[in-house]
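Report on the structure
So you can see what is in the structure, the chains are spelled out below.
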Amino acid sequence: EDKVVQSPLSLVVHEGDTVTLNCSYEVTNFRSLLWYKQEKKAPTFLFMLTSSGIEKKSGRLSSILDKKELFSILNITATQTGDSAIYLCAVAAQGAQKLVFGQGTRLTINP
Amino acid sequence: NAGVTQTPKFRILKIGQSMTLQCTQDMNHNYMYWYRQDPGMGLKLIYYSVGAGITDKGEVPNGYNVSRSTTEDFPLRLELAAPSQTSVYFCASSPIDRLSGNTIYFGEGSWLTVV
């Protein structure tokens, strides 16, 4: 059974700190790993990763995938209160048009 | 563009009642999904459909039914509602394109409470 595990489940930091969120997975015929940010409503797409070692970057957010060790990290530098959200990791398998989600990391940024 | 539209946004049900969550998309996407998200948890797949007339179970299908008579609509039926079905429900859709990661389009969510 495909499985995605995120850690930590909850994280509280001060504005300006750097955080690292973790996602490990077990999936048959891995195709891609995706990160989403969820505030009050639906998840919004951040990154898709398919190749090991290639960093995806968008502003203060970056992510990298390790297909050998079956995990990904999401880094956020110089955090702001607007980064407070649930961050979801999801994995897609080859030939399967559906995503398996992890349980999410609830990130709280205090001013 | 409307995208994925879910109704209702909020609903309170009594134990044993039935209801249908409506979902419609105007992007001509073949793939549609229903997820539920319990407090503090990730999304769990209930049912999905790869095209009109075709549906399949996800991780947590018990207590739910779906149908897909048209490309646009993918309603989720709750029969005999139970407190364990208190959750936020997200409908989503995607095209066949397998190359782009941001191909999952989510609705705004439906908050359901069973008392």
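Throughout what follows, the structure given in this document is the object of discussion. The residue count restarts for each chain, going from 1 along the sequence in the order it is written. Here chains are named by letter from A upward and ligands by number from 1 upward, in the order in which they appear as written. Totals for whole chains, interfaces and linings use all residues, but because this is a predicted model, local features are given only for residues with pLDDT of at least 70 and pairs of side-chain atoms are given and counted only at 80 or more. Side-chain measures were taken over the full set of non-hydrogen atoms in the model, leaving aside hydrogen atoms and water.

Another point: the side chain of A:Ser63. All names here are of chain A. Secondary structure elements are defined from DSSP: runs of H or I of at least 4 residues count as helices, runs of E of at least 2 residues count as strands, and each element is numbered from the N terminus. Relative to the helices and strands, Ser63 is located in strand S7 (residues 61-66). Here a polar contact means two N or O atoms within 3.5 Å. Within protein one must be a hydrogen donor candidate and the other an acceptor candidate, and residues neighboring in sequence count only if both atoms are side-chain atoms. In this structure the side chain of Ser63 is engaged in a polar contact, spanning 3.1 Å, whose partner is the side chain of Trp35. When checking whether two residues touch, look at their non-hydrogen atoms; a contact exists if any pair is within 4.5 Å. When sequence neighbours within four positions are dropped, the list of residues in contact with Ser63 reads Trp35, Phe47, Leu49, Ile54, Glu55, Lys56, Ser72, Ile73 and Leu74.

In this complex, chain B contributes 25 residues to the contact, which on the side of chain A involves 21 residues. Accessible area that two parts lose when put together, with a 1.4 Å probe and added across both, is what the buried area reports. Of the roughly 1800 Å² buried where chain B meets chain A, counting both sides, 58% is carbon and sulfur surface. A pairing counts as a salt bridge when a side-chain nitrogen of Lys or Arg comes within 4 Å of a carboxyl oxygen of Asp or Glu. At the boundary of chain B with chain A, the tally comes to 1 salt bridge. Among the salt bridges present, the one from B:Glu108 reaches A:Lys41, with a minimum N-O distance of 3.3 Å. Run the count over chain B and chain A and you get 4 residue pairs in polar contact (both at pLDDT 80 or more). Counting residues per element, the ones that place at least two in the side of chain B that touches chain A are strand S4 (31-37), strand S5 (43-51) and strand S9 (87-94) of chain B. The element that contributes the greatest number of residues to the side of chain B that touches chain A is S4(B), accounting for 4 residues. All residues other than Ala, Val, Leu, Ile, Met, Phe, Trp, Tyr, Cys, Pro, Asp, Glu, Lys and Arg, Gly among them, are scored as polar; the first ten of these are nonpolar and the last four charged. Its residues assigned to classes, the side of chain B that touches chain A comprises 14 nonpolar, 8 polar and 3 charged.

Quick look at unusual backbone geometry now. As a rule of thumb, non-glycine residues mostly have phi less than zero, and peptide bonds are mostly trans rather than cis. The amide bond that connects A:Ser7 to the next residue, A:Pro8, takes the cis arrangement and shows omega of -10 degrees. In this structure, A:Pro8 sits in the loop between strand S1 (3-7) and strand S2 (10-14). Across the junction of B:Thr7 and B:Pro8, the peptide omega takes the value -5 degrees, indicating a cis bond. With respect to the secondary-structure elements, B:Pro8 resides in the loop between strand S1 (4-7) and strand S2 (10-13).

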